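# Fold and geometry: a report
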Amino acid sequence: MPGDPRVRTVLGDVEPAELEVCDAHDHLFFASRQLPGQELDDVAAAEAELRAFAAAGGRTVVQWTPFGLNRRTADLVALSAVTGVHLVAATGFHRAEHYPPAVVDRVADRLAELFVSDLLEGTPAGDEPDADRIGPRAGLIKVAGAFHVVDRHARWTMVAAAQAHHETGAPIAVHLELGTAAREVADLLCGELAVPPSRVILGHLNRNPDPRVLREVAATGVYLGFDGPSRANHATDWRLTDLLYDLVTAGHTAQLLLGGDTTTAAARLSSGGGPGLPYLLTTLRPRLTRALGADAVDSMLHRNPARAFAARWRR
């Protein structure tokens, strides 16, 4: 029988309260053919970023990099050990355009099996599905919606994610393309596929800043992720406070998560001169605290992630 809830980090399962201040959505490593030349693939830069995040008061980073996009889970183990920052790795599958067709074909008939193995046994070396699983176990499943719809590829990955959740207890995190199709994704996962809303995290909701839609999505009970700070082209910082204030006032404080979603080398503080991981704590946290109060912001950065990423693991 499943035991008490635990967060599955790359160094092992920990009590939820141990997460402390958490960046609920970020990337230390990431590579996609959609972003040529912008790969996050530098271990030294990742270590410097984690040390800067820790110096700002950060304790945990949840890496949403899924299967096949250079998640480098074995390196996450060493980075967590040397920096003292908890790291949570992901299994999952992104939108189809991020992968060569051959990669999609290779896992087409065993996606749920791949997710379960990553979560319960360990992650394979080099992100090859049939390689020895010498890396740490993943702690969440990351999938993705399409622009305003749940297309065939998204439905395929979400069905597999739901199957893996029911077998393992793992939380499911969803990339919403430009913040759209949030209600459609929630209806599929929590309705047809019977995943409890408390096990679903919807990301990028700041990219489609419609307060009415956000309140409607929040009413489903899922977690709402606001990530990608300082991305001016995605309407993030300058609308974020108002969006969060509206949701806090409507009684949804306990469902809100904050993350950085650094996906390119140019955005990384230590190696690219961008905001990087610390920005969430050095700039956004004081700004949001002035507007929303310390208790609400503490919920978003500490108490809510402790619940969102904890699971009663089947094994």
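Here the structure is shown first, and the text comes after it.
Here goes a summary of the coordinates provided.

## Concerning the packing of aromatic side chains
- The tally for this structure, following the rule as stated, stands at three aromatic pairs.
- Look at Phe93 and Tyr99: their rings are 4.0 Å apart centre to centre, the planes differ by 10 degrees, and that puts the pair in the stacked class. Comparing Phe93 with Tyr99 shows no difference in burial state: the two are buried.
- With a centroid separation of 5.7 Å and an interplanar angle of 75 degrees, the aromatic rings of Phe93 and Trp156 are classed as edge-to-face.

## Topic: the pattern of salt bridges
- In total, this model carries 17 salt bridges according to the counting rule given.
- A salt bridge links Asp13 to Arg137, with the shortest nitrogen-to-oxygen separation between them at 3.9 Å. Separated by 124 residues along the polypeptide, Asp13 in strand E2 (residues 12-14) and Arg137 in the loop between helix H4 (111-120) and strand E7 (140-144) bring together distant segments of the chain.
- The class of Asp13 is partly exposed, set by a relative accessible area of 33%.
- The exposure class assigned to Arg137 is partly exposed, which follows from its relative accessible area of 27%.
- The partner of Arg183 in a salt bridge is Asp187, with the nearest N and O atoms 2.8 Å apart. One end of the pair is Arg183 and the other is Asp187, both in helix H6 (residues 182-192) and four residues apart, which spans about a single turn.
- Salt bridges sharing common partners tie together Arg8, Asp13 and Arg137.

## Thoughts on unusual backbone geometry
- The phi torsion at Arg72 lies on the positive side, around 50 degrees, for a residue other than glycine.
- Mapped onto the elements, Arg72 comes out in the loop between strand E4 (60-63) and helix H2 (73-83).
- Looking at Arg72, the relative accessible area reads 26%, which means it is partly exposed.
- In this model, Ala194 sits at a positive phi of 60 degrees, which is unusual for a non-glycine residue.

Reading the values: rules and limits
- The residue count restarts for each chain, going from 1 along the sequence in the order it is written.
- Local features in this predicted model are restricted to residues of pLDDT 70 or higher, and side-chain atom pairs are both shown and tallied only at a pLDDT of 80 or more, whereas totals for entire chains, interfaces and linings draw on every residue.
- Values reported for side chains reflect all heavy atoms of the structure, with hydrogen atoms and water molecules removed beforehand.
- When the centres of two rings from Phe, Tyr and Trp lie within 6.5 Å, Trp using its six-membered ring, the rings pair. Their planes under 30 degrees apart give stacked, over 60 give edge-to-face, and anything left gives tilted.
- Only protein chains enter the accessibility calculation, which uses a 1.4 Å probe; a residue is then buried when its area is under 20% of its type maximum, exposed when over 50%, and partly exposed in between.
- One side-chain nitrogen of Lys or Arg within 4 Å of one carboxyl oxygen of Asp or Glu is enough to make a salt bridge.
- Only runs of H or I of at least four residues qualify as helices and only runs of E of at least two qualify as strands under DSSP, and these elements are numbered from the N terminus.

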